[in-house]
Amino acid sequence: MNYDQILSDPCPNCGKVGFVHLVRRQEAVAVRGQDFTVEAECFHCKACDTEFEAADGPDTLDLAYRAYREANGLVQPEQLKSWRQALGLKQSELATLLGWSTATVSRYENGALQDDAHDRAMKAAMTSSGLAVLVAAASGLPTEVRERLTAKVDRDLGSAQQLTSVVSHRISHAARVQVVWSKVCETVLFFAQGKGVSRTKLNKLLFYADFLHAKHFDTPITGLTYVRLPHGPVPDDYELLFSALHAEGVLDIAETLVGEYVSYMHTARRSPDIGVFTTTELQALVRVQAEFERTTAKDISERSHLEDAWSMTPAGQPVELSHSKALSLSL
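What you are looking at is a predicted structure, and each value in this text was computed from that prediction instead of being measured.

Student: For the overall build of the chain, give the residues involved together with the corresponding values.
Tutor: Helices and strands together make up the secondary structure of the chain, namely 15 helices and eight strands. When each of the 331 residues of the chain is scored for burial, the buried share is 45%. When the accessible surface of the chain is split by element, carbon and sulfur atoms take 50% of a total near 15,900 Å².

What follows is the structure, given as structure tokens:
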């Protein structure tokens, strides 16, 4: 910004020269329920007592967004852009890789504030195993781009690995009990039958199914680890989990923009194989399905906030399976 030029130009309101001066002050900006103090700049004309901003001056909302990302550990715009460029990808190619629109990638690189789901997807994609999943799952990537990214993840992982092997190894590494991939897959398909289910609700259905079975029989159905996020407990690395199932061709994922947030609908492409479940596991699945069949994503999230599993777990930390004994739902 050319401060000297603005200070010497006529006031845009009254036209007088020599009365404009720069004003700097601290402003409080609220971002998603959190307050941040940022430095704001404007110009004041002493002659007509009018304030105005320069077109290329600092954006207080952008500064607040940056502060919010920093405070909450979110990816900053330049980090996303530099990672994309390091991979040699165009915005449209990264959008294909992530299953987003090109406009979404552009918005985030230009300072739009991402939601939690998209931020976790970015972070997962920035790991070798996460990138391996996305490359295998993405349809529509140019052949040269796919081959180049495949070669990169093969080098990073040491050798070419099957998609489900990569995901199951990553998820199993974080799990506290044995993860049964077939049960993970069929449980997701069980809840995504028919018209499908939103990602927010699906994550809570998985939680309730695992913790309900653990409440009565001491073991979860899938073995997935759950972490405490703002909207309730969710499976760790759930973005990679759903991407893997999408890549296998058993789960459709549709993206829609609702205001500034992105919503995902998950729909099973085949019926679940209920033969992988024990009698008690199937009983738990049916009970959870019946309990929340007509419940909205918002309602099931709010209910999950009342569970000890969420209320007694620090933000971002794994949920202890022992909290299942206090679950509000019973068989």
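Student: Give a description of unusual backbone geometry that names residues and reports values.
Tutor: For residues that are not glycine, phi is negative in most cases, and the peptide bond is trans in most cases. Although it is not a glycine, D218 adopts a positive phi angle of roughly 70 degrees. In this fold, D218 is placed in the loop between α11 (199–217) and β5 (226–229). Here D218 falls in the exposed class, since its relative accessible area comes to 56%.

Student: Go over the packing of aromatic side chains, please, and point to the residues and values.
Tutor: The geometry of an aromatic ring pair comes down to the distance between the two centres and the angle between the two planes. Throughout the structure, instances matching the rule amount to 10 aromatic pairs. With 6.1 Å between their ring centres and 80 degrees between their planes, F36 and Y68 make a pair best called edge-to-face. One end of the pair, F36, is in strand β2 (residues 34–45); the other, Y68, is in helix α2 (residues 60–72), with 32 residues separating them in the sequence. As far as the burial class goes, F36 and Y68 line up, both buried. Ring pairs connect the aromatic residues F207, Y208, F211, Y226 and F292, which therefore count as one cluster. R199 extends its terminal NZ or CZ atom over the ring of Y264, reaching a point 4.2 Å from the ring centre. The ring of W310 has R228 sitting right over it, with the charged end atom 3.6 Å from the ring centre.

Student: Run through the packing of α11 against helix α12 (residues 238–247), naming residues and quoting values.
Tutor: It is the contact of α11 with α12, at a shortest axis distance of 12 Å, that shows an interaxial angle of 100 degrees. Between α11 and α12, the crossing angle belongs to the class labelled roughly perpendicular. Listed contacts from α12 to R199, L202, N203 and L206 of α11 are Y238, E239 and F242.

Student: Pulling in residues and values, what's your account of the nonpolar core?
Tutor: Counting residues in hydrophobic clusters, the biggest one holds 46 residues, and the most contacted among them are V188, F191, Y208, F242, L245, L251 and V288. Excluding anything up to four places from it in sequence, L251 contacts V188, L189, A192, F242, L245, H246, H266, T267, A268 and R269. Counting residues in each nonpolar core, the second largest holds 26 residues, with L87, L94, A138 and V153 among its members.

Student: Before we move on, could you go through the confidence of the model for the chain and cite the residues and values that matter?
Tutor: Per-residue pLDDT for the chain has a mean of 86; in total, 89% of the residues score no lower than 70. In the model of the chain, helix α9 (residues 163–174) stands out as the element of lowest mean pLDDT, 55, in contrast to α11, which has the highest, 97.

Student: With reference to specific residues and values, describe α11.
Tutor: The first and last C-alpha atoms of α11 sit 27 Å apart over 19 residues, in line with the 27 Å expected at 1.5 Å per residue. With 16 of 19 residues buried, α11 lies mostly within the body of the structure. Phi turns positive one or two residues past the end of α11, at D218, with a value near 70 degrees.

Student: How would you summarise the pattern of salt bridges if you had to cite specific residues and measurements?
Tutor: Any two side chains of opposite charge can pair, so long as their charged atoms come close to each other. On inspection of all chains with the given rule, the structure shows 17 salt bridges. Its salt-bridge partner being E39, residue R24 comes within 4.0 Å of it at the nearest N-O pair. Here E39 lies in strand β2 and R24 lies in strand β1 (residues 20–31), a separation of 15 residues in the sequence. The closest approach of N and O atoms between R148 and E144, which form a salt bridge, is 3.0 Å.

Student: An account of the sheet that holds strand β3 (residues 50–52) is needed here, citing residue identities and associated values.
Tutor: The strand order across the open sheet formed by three strands is β1-β2-β3, and the pairing between neighbours is antiparallel. The strands lining the two open edges of the sheet, one partner per strand, are β1 and β3. Across the sheet, the axes of successive neighbouring strands diverge by a mean angle of 40 degrees, strand direction being ignored.

Student: Tell me what's going on with the pairing of β2, and back it up with residues and numbers.
Tutor: Judged from the 12 bridges that link them, β1 and β2 form a sheet pairing that is antiparallel. Bridge pairing in β2 links R25 to A40. The hairpin turn running from β1 into β2, its antiparallel successor, is two residues long, and R32 in that turn takes a positive phi close to 50 degrees. Where β2 and β3 come together, three bridges link them in antiparallel fashion. Opposite C45, over in β3, you have T50 as the bridge partner. Counting the residues in the hairpin turn of β2 and β3 gives four residues, including D49, whose phi is positive at 55 degrees.

Student: I'd like a description of the pairing of strand β6 (residues 232–235), backed by residues and values.
Tutor: Where β5 and β6 come together, four bridges link them in antiparallel fashion. For R228, the partnering residue across the bridge sits in β6 and is P233. From the end of β5 to the start of β6, which pair antiparallel, there are two residues.

Student: Give me the lowdown on helix α6 (residues 116–125), citing residues and values where you can.
Tutor: When you tally the buried positions in α6, you get eight out of 10 residues, the bulk of the element. Within α6, the full set of buried residues consists of A117, H118, D119, R120, A121, M122, A124 and A125. Where α6 starts, the residue carrying a side-chain oxygen 2.7 Å from the main-chain nitrogen of H118 turns out to be D115.

Cut-off values and rules
- The residue numbering used here restarts from 1 in each chain and proceeds along that chain's sequence as written.
- Whole-chain, interface and lining totals are the exception, using all residues; otherwise, since this is a predicted model, local features are given only for residues with pLDDT of at least 70 and side-chain atom pairs are given and counted only at 80 or more.
- As a convention, hydrogens and water are excluded, and side-chain values are obtained from all of the structure's heavy atoms.
- Each helix corresponds to a stretch of at least 4 residues labelled H or I by DSSP, and each strand to a stretch of at least 2 residues labelled E; elements are numbered beginning at the N terminus.
- Burial classification: accessible surface area is computed with a 1.4 Å probe over protein chains only, and a residue below 20% of its type maximum counts as buried, one above 50% as exposed, and the rest as partly exposed.
- Using the Shrake-Rupley algorithm and a 1.4 Å probe, accessible areas are obtained, with residue cover drawn only from the displayed protein chains.
- Classification of ring pairs uses Phe, Tyr and Trp, with its six-membered ring standing for Trp, and accepts pairs whose centres are within 6.5 Å; under 30 degrees between planes counts as stacked, over 60 as edge-to-face, and the remaining range as tilted.
- Only when the NZ atom of a Lys or the CZ atom of an Arg is both within 6 Å of the ring centre and within 35 degrees of the ring normal do we say a charge sits over the ring.
- Only the stretch in contact is used when a helix axis is fitted, and all axes are lines through C-alpha atoms; the angle between N-to-C directions ranges over 0 to 180 degrees.
- Any angle from 65 to 115 degrees is called roughly perpendicular, while one under 35 is roughly parallel, one over 145 is roughly antiparallel, and all others are oblique.
- Only heavy atoms enter the contact rule, under which two residues are in contact if any of them lie within 4.5 Å.
- Grouping buried Ala, Val, Leu, Ile, Met, Phe, Trp, Tyr and Cys residues that are joined through side-chain atoms within 4.5 Å yields what is termed a nonpolar core.
- Each residue carries a pLDDT score, the predictor's confidence in it, ranging from 0 to 100.
- One fewer than the residue count of a helix, multiplied by 1.5 Å, yields its expected span.
- Only one rule defines a salt bridge in this text: a Lys or Arg side-chain nitrogen within 4 Å of an Asp or Glu carboxyl oxygen.
- Should DSSP find at least two bridges between two strands, the strands are regarded as paired.
- Here a polar contact is taken to be a pair of N or O atoms separated by no more than 3.5 Å, where protein atoms must pair a possible hydrogen donor with a possible acceptor and residues adjacent in sequence count only if both atoms sit in side chains.

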